[in-house]
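Given next are the chains, with one letter for each unit.
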Amino acid sequence: AVFSDGGYEPAQVLVRKLVSEQPDKYFYADQYSNPSNPGAHYLGTGREILEQVGDEITYFVAGLGTSGTMMGTTRRLREHTRKILCVAAEPAEALHGLEGLKHMGSSIIPPIYDPKLPDEILPVPTESGWDMADRISRDEGLHVGNSTGGNVWAATQLAKGVQEGCSVTIAW
């Protein structure tokens, strides 16, 4: 099926309908509701960050899509003895061009998302995410998508005015 009227959210609705009507024929892993999504980041991403920069990290930034990365990683980072500010980056506009990220105020909210978990929500303008992705490609030779550009842009905004600290973000 082609979804020209809203992207993956209409596709989610259709998949749920198909699965509910024919559960013996279809399976939907549903990364938006599956606790294994944030669980993998709790067990993997969060642990790896703490192993590598646990005593130095002051900020963690992750974009909101399914929200699994932010939810799982933040839960793990909160177990560390050091206070780590965990910031969710989301598109600033409902109609945006940051593929893979969700503007939560205008989207189907993933059941795994807990809006109380991030310390802060940082809106990312579409143009800023795209510009940062281009800059990373040009300056660092890393060809990343605009959602990674949004994450890095958000991390750089947090770093402005900070005298000392270590900011960690995710590049998909």
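Check the entry above for the structure.
Residues numbered from 1 in each chain as written. Predicted model: local features only at pLDDT ≥ 70, side-chain atom pairs only at ≥ 80, totals over all residues. Heavy atoms only, no water.

A. Expanded view of the pairing of strand E2 (residues 85-91). Of all seven residues in E2, six are buried, a share of seventy percent or more. Of the strand pairs in this sheet, strand E1 (residues 59-63) and E2 are connected by five bridges, and their pairing is parallel. Counterpart to Tyr 59 in the pairing with E2 is Leu 85. After leaving E1, the chain enters helix H3 (residues 68-77) and then returns to the sheet as E2, a path that is right-handed. In this structure, E2 lies alongside strand E3 (residues 120-124), joined through five bridges in parallel fashion. (Buried < 20%, exposed > 50% of the residue type's maximum accessible area, 1.4 Å probe, protein only. Helix = DSSP H or I, 4+ residues; strand = E, 2+ residues; numbered from the N terminus. Pairing = 2+ DSSP bridges. Right-handed = clockwise from strand over helix to strand, strands pointing away.)

B. Broad picture of the nonpolar core. Residues Ile 49, Ile 57, Phe 60, Met 70, Leu 77, Ile 84 and Val 168 are the most contacted members of the largest nonpolar core, which totals 19 residues. Elements that contribute at least two residues to this core include exactly helix H2 (36-53), E1, H3 and E2. Each residue touching Leu 77, except ones within four places of it in the same chain, is listed here: Gly 46, Ile 49, Leu 50, Ile 57, Phe 60, Ile 84 and Cys 86. (Core = buried A, V, L, I, M, F, W, Y, C linked by side-chain atoms within 4.5 Å. Contact = heavy atoms within 4.5 Å.)

C. Representation of the side chain of Ser 107. Among the structural elements, Ser 107 can be located in the loop between E2 and E3. At a separation of 2.7 Å, a polar atom in the side chain of Ser 107 contacts the main-chain carbonyl oxygen of His 103. In this view, Ser 107 contacts Glu 9 and Lys 102; residues no more than four positions away in its chain are not counted. (Polar contact = N/O pair within 3.5 Å; in protein donor to acceptor, adjacent residues only side chain to side chain.)

D. How the structure looks around the sheet that holds strand E4 (residues 167-169). Pairing within the open sheet is parallel, and its four strands lie in the order E3-E2-E1-E4. Only two strands of the sheet have a single neighbouring strand rather than two, namely E3 and E4. Between one strand and the next, the sheet's axes are offset by a mean angle of 25°, whatever the strand orientation. (Axes fitted to C-alpha atoms, helices over the stretch in contact; angles between N-to-C directions.)

E. Layout of the pairing of E1. Of all five residues in E1, five are buried; the element is thus mostly enclosed. Strand direction decides the pairing type here: E1 and E4, joined by three bridges, are parallel. Across the sheet, residue Tyr 59 finds its bridge partner in E4, namely Ser 167.

F. Up close: unusual backbone geometry. Phi at Asp 30 takes a positive value of approximately 50°, unusual for a residue other than glycine. Note on placement: Asp 30 falls in the loop between helix H1 (8-21) and H2. For Ser 67, which is not a glycine, the phi torsion comes out positive at approximately 85°. Note that Ser 67 resides in the loop between E1 and H3.

G. Local environment of the packing of H2 against H3. In contact at an axis separation of 7 Å, H2 and H3 are set at 50° when each is read in the N-to-C sense. Comparing the axis directions of H2 and H3 gives the class oblique. In the packing of H2 onto H3, the handedness of the crossing is right-handed. Listed contacts from H3 to Asn 37, Pro 38, His 41, Tyr 42, Leu 43, Thr 45, Gly 46, Arg 47, Ile 49 and Leu 50 of H2 are Gly 68, Thr 69, Met 71, Gly 72, Thr 73, Arg 75, Arg 76 and Leu 77. Class assignment for the residues of the contact of H2 with H3 results in seven nonpolar, eight polar and three charged. (Parallel < 35°, antiparallel > 145°, perpendicular 65-115°, else oblique. Left-handed = near helix turned anticlockwise from the far one by under 90°. Nonpolar A, V, L, I, M, F, W, Y, C, P; charged D, E, K, R; others polar.)

H. Representation of the side chain of Asn 151. Relative to the elements of secondary structure, Asn 151 occurs in helix H5 (residues 146-159). A distance of 2.8 Å separates a polar side-chain atom of Asn 151 from the backbone nitrogen of Gly 63. For Asn 151, the side chain forms a polar contact with the main-chain oxygen of Ile 170, separated by 2.8 Å.

That's the geometry; what it means functionally is another story.
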